[in-house]
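What follows is each chain in one-letter form.
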Amino acid sequence: VGALESLFLARLGYNVEVFESRKDIRTEEHVAGRSINLALSTRGRASLKALGLEDEVVKHGIPMHGRMIHSCSGEKAFIPYGKKGQSILSVDRRKLNEFLLTEAEKCSNVKLHFEHKLTRYSPNENRLEFYVDGQDNEHIATSDLVVGCDGAHSTVRRQIMRASRVNYSQEFIPHGYKELCMPPTADGQHQMETNYLHIWPRNEFMMIALPNQDGSFTCTLFLPFSNFKSLTDEASLVQFFEAHFADAIPLIGRERLVEDF
């Protein structure tokens, strides 16, 4: 979001500085944090199109024409997303972020700062103080406009609340998630129908699978934390999947399921 916003502001002629607390993901082999595929819909594509970047992203995505619902008995039902020919796009989150950072870096009026953790923000002065990883001194920046693109646990929001009367509420859902991988076939093909978002809905929990260009599927299990706590060993995990996601076990592979989980 931050890289995308910087591109819009840069195109309007503003000088933009982007501060990121993490390292540059383009230089990292493995990146900690959320890696769930993005299902890119009309809104996201419209933003990319406005910047002339849509075609490049679409080229590396996989269209999903609808939901493929998997029942407990193994039966499947197709639910289209829209009219014939309409679809959303399965996109690799990391590759999209890397692409937007590279595009932002190409702009002469955009400067990227990595490993800069915001420690204090004074809204009245638009003064920001950053801890820079590996350095003893702080980095201080001022700006005419500050845009906080730092997510649910926003440091920018927290600092604004310290300085002014702001009502804010936060409610945590009782669910967590676990990412699993469904590998491709021996010849590199998808094991399930490619152009669908596969869903195993099970009342209080569910699993989804989005296709990747290498023939694999990224599967994500959304489950209440109380259920996660009950899956303590291989036997309890396999028993749970046999009861709720039996058709996915041979596709993921029992050994891989246990290893990834």
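Relevant structure appears above.
Residues numbered from 1 in each chain as written. Predicted model: local features only at pLDDT ≥ 70, side-chain atom pairs only at ≥ 80, totals over all residues. Heavy atoms only, no water.

Q: Any chance you could explain the pairing of strand S4 (residues 66–70) here in plain terms?
A: A regular strand places its side chains on the two faces of the sheet in alternate fashion. Within S4, 4 of the 5 residues are buried, leaving the element largely enclosed by the surrounding structure. Taken together, the 5 bridges between S4 and strand S5 (residues 76–80) define a ladder with antiparallel strand orientation. Of the residues in S5, the one forming a bridge with glycine 66 is proline 80. Two successive antiparallel strands, S4 and S5, enclose a turn made up of 5 residues, where glycine 74 displays a positive phi of approximately 95°. (Buried < 20%, exposed > 50% of the residue type's maximum accessible area, 1.4 Å probe, protein only. Helix = DSSP H or I, 4+ residues; strand = E, 2+ residues; numbered from the N terminus. Pairing = 2+ DSSP bridges.)

Q: Please explain the sheet that holds strand S13 (residues 205–211) as it appears in this structure.
A: Two pairing modes exist for strands in a sheet, parallel and antiparallel, and in both the strands are linked by backbone hydrogen bonds. Spatially, 6 strands are ordered S5-S4-S12-S13-S14-S11 in an open sheet, and the strand pairing comes out mixed. Looking at the sheet topology across the chains shown, the edges are occupied by S5 and strand S11 (175–182). Taken over all neighbouring pairs, the strand axes of this sheet differ in orientation by 20° on average, direction set aside. When S4 meets strand S12 (residues 197–202), the two strands line up parallel, connected through 3 bridges. Along S12, the bridge assignment pairs isoleucine 69 with isoleucine 199. (Axes fitted to C-alpha atoms, helices over the stretch in contact; angles between N-to-C directions.)

Q: I keep staring at the environment of histidine 116 and nothing clicks. Help me out?
A: Along the polypeptide, histidine 116 turns up in strand S8 (residues 116–122). Residue histidine 116 is classed as buried on the basis of its relative accessible area, which comes to 10%. Note: C-alpha distance between histidine 116 and histidine 60 (56 residues apart in sequence) is 30 Å. With near-sequence residues (within four places) excluded, histidine 116 lies in contact with Phe19, Glu20, Ser21, Phe130, Tyr131, Val132 and His139. Looking at histidine 116, its side chain comes within polar contact range of the main-chain oxygen of phenylalanine 114, at 2.8 Å. (Contact = heavy atoms within 4.5 Å. Polar contact = N/O pair within 3.5 Å; in protein donor to acceptor, adjacent residues only side chain to side chain.)

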